[in-house]
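Summary of the model geometry
Single-letter residue listing:
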Amino acid sequence: GAGVSQTPSNKVTEKGKYVELRCDPISGHTALYWYRQSLGQGPEFLIYFQGTGAADDSGLPNDRFFAVRPEGSVSTLKIQRTERGDSAMYLCASSPDSSGANVLTFGAGSRLTVL
Amino acid sequence: AQKITQTQPGMFVQEKEAVTLDCTYDTSDPSYGLFWYKQPSSGEMIFLIYQGSYDQQNATEGRYSLNFQKARKSANLVISASQLGDSAMYFCAMREPHSGGGADGLTFGKGTHLIIQP
């Protein structure tokens, strides 16, 4: 596609529920990144994929968070047993590869609200 | 220590004036990249400008320029002739090499909320 697409744009769920957030990167981009942005803060790194494999998952806050990219294109961020503190904007970005000068192109984000 | 520091939580600037948004960074790696992104109220992160650590010249992109002072570890964004549409959050970010090859994702600062007044 022309840009990075994220769905849903908004998700409201109850505490304890399971949530999946989807990211469709720019076609041909091999590197894909997930970030979490709380209100009034900068984006915080969660995980990045180079191809199908997670190259760095050091930003995932705990084992309730998991992400996959089985075919090296679309990625899904999965959150189990959601907590109110998980409420945030979840941003996905992609770049042609993981070399340093490549610009990350971001999607519009998925806003998660946990009641 | 914070890797990216943006000391101006908010700024008010008159339309058509130039504005400088401050950013300092912390890294021990000689190879890194510095980025500025704009985030309007719609929420999407928009890339503005990039500076590589080995670049000899300061980066420029239209009305945006980056005042890169390597010895001071400073990468300030300068917006010339500000416009009402420049009102947004602005984030400075850094990218460092990944231990396994390639580069890490971006590390962002807390941002500066810029408001352009008519």
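Not measured: the values here are computed from a predicted model.

**A look at the overall build of chain A**
From N to C terminus, chain A includes 0 helices and 11 strands. The helix and strand sequence of chain A, counted from the amino end, reads β-β-β-β-β-β-β-β-β-β-β. Taking 115 residues into account, the globule formula puts the C-alpha radius of gyration at 13 Å, and chain A, at 13 Å, falls close to it. Across its three principal axes, chain A shows a C-alpha extent of roughly 40 × 25 × 25 Å. In chain A, which comprises 115 residues, the proportion classed as buried is 46%. Counted over contacts in chain A with a minimum sequence separation of 6, partners at least 24 positions apart contribute 54%. Between the averaged position of the 11 positive side-chain charges in chain A and that of its 11 negative side-chain charges there is a distance of 8 Å.

**Here we look at the overall build of chain B**
The helix and strand inventory of chain B stands at 0 helices and 12 strands. The N-to-C order of helical and strand elements in chain B reads β-β-β-β-β-β-β-β-β-β-β-β. For 118 residues, the compact-globule formula gives about 13 Å, and the C-alpha radius of gyration of chain B, at 14 Å, lands near that figure. Each principal axis of the C-alpha atoms in chain B carries an extent, and together these give about 50 × 30 × 25 Å. Residue burial in chain B is summarised as follows: out of 118 residues, 47% are buried. Carbon and sulfur atoms make up 49% of the accessible area of chain B, which amounts to about 5600 Å² in all.

**Things to note about the side chain of Asp-86 of chain B**
Its place among the elements puts Asp-86 of chain B in the loop between strand E9 (74–79) and strand E10 (88–95). With residues near it in sequence (within four places) discarded, Asp-86 of chain B still touches Lys-38, Arg-63, Tyr-64, Ile-79, Leu-114 and Ile-116 of chain B.

**Looking at the state of the cysteines**
Going through the model one piece at a time under the given rule, you end up with 2 disulfides over all chains. Between the sulfur of Cys-23 of chain A and that of Cys-92 of chain A lies a disulfide, 1.9 Å long from S to S. Of note, the bridge from Cys-23 of chain A to Cys-92 of chain A carries an S-S torsion of about -70 degrees and is left-handed in sense. A residue pair is termed long-range when its members are at least 10 positions apart, and Cys-23 of chain A in strand E3 (residues 19–24) and Cys-92 of chain A in strand E9 (residues 88–95) qualify at 69 residues. Of the two residues, Cys-23 of chain A and Cys-92 of chain A, both sit in the buried class. Cys-23 of chain B shares a disulfide with Cys-92 of chain B; S-S distance 2.0 Å. Looking down the S-S bond of the Cys-23 of chain B and Cys-92 of chain B bridge, the torsion is -60 degrees, so its handedness is left-handed. Here Cys-23 of chain B, found in the loop between strand E3 (19–21) and strand E4 (24–25), pairs with Cys-92 of chain B, found in strand E10; they are 69 residues apart in sequence, far enough to count as distant. A relative accessible area of 0% means that Cys-92 of chain B is categorised as buried.

**Topic: the environment of Gln-39 of chain B**
Secondary-structure assignment places Gln-39 of chain B in strand E5 (residues 33–39). With a relative accessible area of 9%, Gln-39 of chain B lands in the buried category. Linking Gln-39 of chain B and Tyr-90 of chain B, residues 51 residues apart in sequence, is a C-alpha distance of 6.1 Å. If near-sequence neighbours (up to four positions away) are discounted, Gln-39 of chain B is found in contact with Gln-37 of chain A together with Glu-44, Met-45, Ala-88, Met-89 and Phe-91 of chain B. A polar contact of 2.9 Å, which involves the side chain of Gln-39 of chain B, links it to the side chain of Gln-37 of chain A.

**Digging into unusual backbone geometry**
Residues Thr-7 of chain A and Pro-8 of chain A are joined by a peptide bond in cis, for which omega reads -10 degrees. In this fold, Pro-8 of chain A is placed in the loop between strand E1 (5–7) and strand E2 (10–13). With a phi angle near 55 degrees, Lys-73 of chain B is a residue other than glycine that sits in the positive phi range. When you line up the elements, Lys-73 of chain B lands in the loop between strand E8 (64–69) and E9. At Ala-81 of chain B, a residue that is not glycine, the phi angle is positive and equals roughly 45 degrees. Note on placement: Ala-81 of chain B falls in the loop between E9 and E10. Note on Ala-81 of chain B: relative accessible area 40%, which makes it partly exposed.

Definitions and limits used
- Residues numbered from 1 in each chain as written.
- Chains lettered and ligands numbered in written order.
- Predicted model: local features only at pLDDT ≥ 70, side-chain atom pairs only at ≥ 80, totals over all residues.
- Heavy atoms only, no water.
- Helix = DSSP H or I, 4+ residues; strand = E, 2+ residues; numbered from the N terminus.
- Rg over C-alpha atoms; globule rule 2.2 N^0.38 Å.
- Buried < 20%, exposed > 50% of the residue type's maximum accessible area, 1.4 Å probe, protein only.
- Contact = heavy atoms within 4.5 Å.
- Lys, Arg positive; Asp, Glu negative; His and termini not counted.
- Charge placed at Lys NZ, Arg CZ, Asp CG, Glu CD.
- Areas by Shrake-Rupley, 256 points an atom, 1.4 Å probe, with all protein chains shown as cover.
- Disulfide = S-S within 2.5 Å.
- Polar contact = N/O pair within 3.5 Å; in protein donor to acceptor, adjacent residues only side chain to side chain.

Read these as layout, nothing more, since geometry by itself doesn't imply function.
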